[in-house]
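Observations on the model geometry
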Amino acid sequence: MTILQLLTLLVPELSETVAMLTLYGTVALALVQCFFGYRLQQLWFAVLVFGVSALLAYSVSIRLLPDRMWLCLLIALGCGLVISLFTHRLVQAAAFSAAFVSVFGAVGTVLGEVNPTVSFIAALILGLMAGVLAAKFRRTAVILITAAGSGWKAANLLRQCIPDMAATTTLILAAVLIFAGMIFQFSSTGKKRRS
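The present account deals with the structure reproduced in this document. (Residues numbered from 1 in each chain as written. Predicted model: local features only at pLDDT ≥ 70, side-chain atom pairs only at ≥ 80, totals over all residues. Heavy atoms only, no water.)

1. Focus on the packing of helix H6 (residues 138-161) against helix H7 (residues 167-188)
The description of two helices packed together rests on the angle between their axes and the distance between the axes. Interaxial distance between H6 and H7 falls to 8 Å at its minimum, and their mutual angle equals 150°. With respect to their mutual orientation, H6 and H7 come out roughly antiparallel. When the axes of H6 and H7 are compared, the crossing they make is right-handed. Tallied by class, residues from the contact of H6 with H7 come to 16 nonpolar, seven polar and two charged. (Axes fitted to C-alpha atoms, helices over the stretch in contact; angles between N-to-C directions. Helix = DSSP H or I, 4+ residues; strand = E, 2+ residues; numbered from the N terminus. Parallel < 35°, antiparallel > 145°, perpendicular 65-115°, else oblique. Left-handed = near helix turned anticlockwise from the far one by under 90°. Nonpolar A, V, L, I, M, F, W, Y, C, P; charged D, E, K, R; others polar.)

2. Looking at the packing of aromatic side chains
The tally for this structure, following the rule as stated, stands at four aromatic pairs. Between Phe-35 and Phe-184 the ring centres are 6.0 Å apart and the planes differ by 70°, which places this aromatic pair in the edge-to-face class. In this pair, Phe-35 is assigned in helix H2 (residues 16-64) and Phe-184 in helix H7, connecting sequence segments 149 residues apart. Between Phe-100 and Phe-104, the ring centres sit 5.5 Å apart and the planes meet at 25°, which makes this aromatic pair stacked. One end of the pair, Phe-100, and the other, Phe-104, are both in helix H4 (residues 91-111), four residues apart, so they sit about a helical turn from each other. (Phe/Tyr/Trp six-rings, centres within 6.5 Å; stacked < 30°, edge-to-face > 60°.)

3. Here we look at the packing of helix H5 (residues 116-136) against H6
Contact geometry for H5 and H6: axes closest at 5 Å, N-to-C directions at 140°. Judged by the angle between their axes, H5 and H6 are oblique. Contacts between H5 and H6 involve Ala-130, Leu-133, Ala-134, Ala-135 and Lys-136 from the former and Arg-138, Ala-141, Val-142 and Ile-145 from the latter. Looking at the contact of H5 with H6 residue by residue, the class counts come to seven nonpolar, no polar and two charged. (Contact = heavy atoms within 4.5 Å.)

4. Quick word on H7
Taking 1.5 Å per residue, 22 residues should reach 32 Å; H7 reaches 31 Å between its end C-alpha atoms and fits that length. Turning to H7, its buried residues number three or more, namely Thr-170, Ala-174, Leu-177, Ile-178, Gly-181, Met-182 and Gln-185. Along H7, the residues classed as buried sweep out an arc of 125° about the axis, all on the same side. The exposed residues of H7 that point more than 90 degrees off its buried face are Thr-168, Ile-172, Phe-179 and Ser-187. (Expected span 1.5 Å × (residues − 1). Buried < 20%, exposed > 50% of the residue type's maximum accessible area, 1.4 Å probe, protein only. Arc of directions from axis to C-beta.)

5. Side note on the side chain of Thr-146
By the element assignment, Thr-146 lies in helix H6. On the basis of relative accessible area, Thr-146 is assigned to the buried category, the value being 0%. For Thr-146, the side chain forms a polar contact with the main-chain oxygen of Ile-143, separated by 3.4 Å. At a separation of 3.3 Å, a polar atom in the side chain of Thr-146 contacts the side chain of Gln-185. If sequence neighbours within four positions are ignored, Thr-146 has contacts with Gln-33, Cys-34, Gly-37, Tyr-38, Ser-102, Gly-151 and Gln-185. (Polar contact = N/O pair within 3.5 Å; in protein donor to acceptor, adjacent residues only side chain to side chain.)

Structure below.
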């Protein structure tokens, strides 16, 4: 199932233009992640921490103050900001998160049409393995995983944008994007020298 089909199922009145803009935005995000995945890992981790901590803060505050939704939303926003600011230095967790999301998404895309249950289990296991490797060999693993996962995803999304694109062309495009993303990330994020 394509992103466009999924959006149309979720929101039937969604216009074709908005759906296509969403698809193009997703392609752009995958390309950015393919070429700048290592540099963006802390941003994605901050977004993840913000979302989880804000959701937890909202869940607790809405139980304590059930008739003050706006106050609960402010509490959630404040907690999300404060916690994400304090945890932005947790680079190992950021590496794990970025690698997990990239591999989980790529494997889910590849195996999604075969069997949803098998696809989910395989994506989860491979995502966890990639996350552990990324935490241990952070720079190399994050570059390889984000370039491979996002390059593959971008090629498949571009195939949705161009209906006449052959499967062979998609594979070639994916290989080119993955290789270019890896080369670009390795050359633009040289190892930090210890003083």
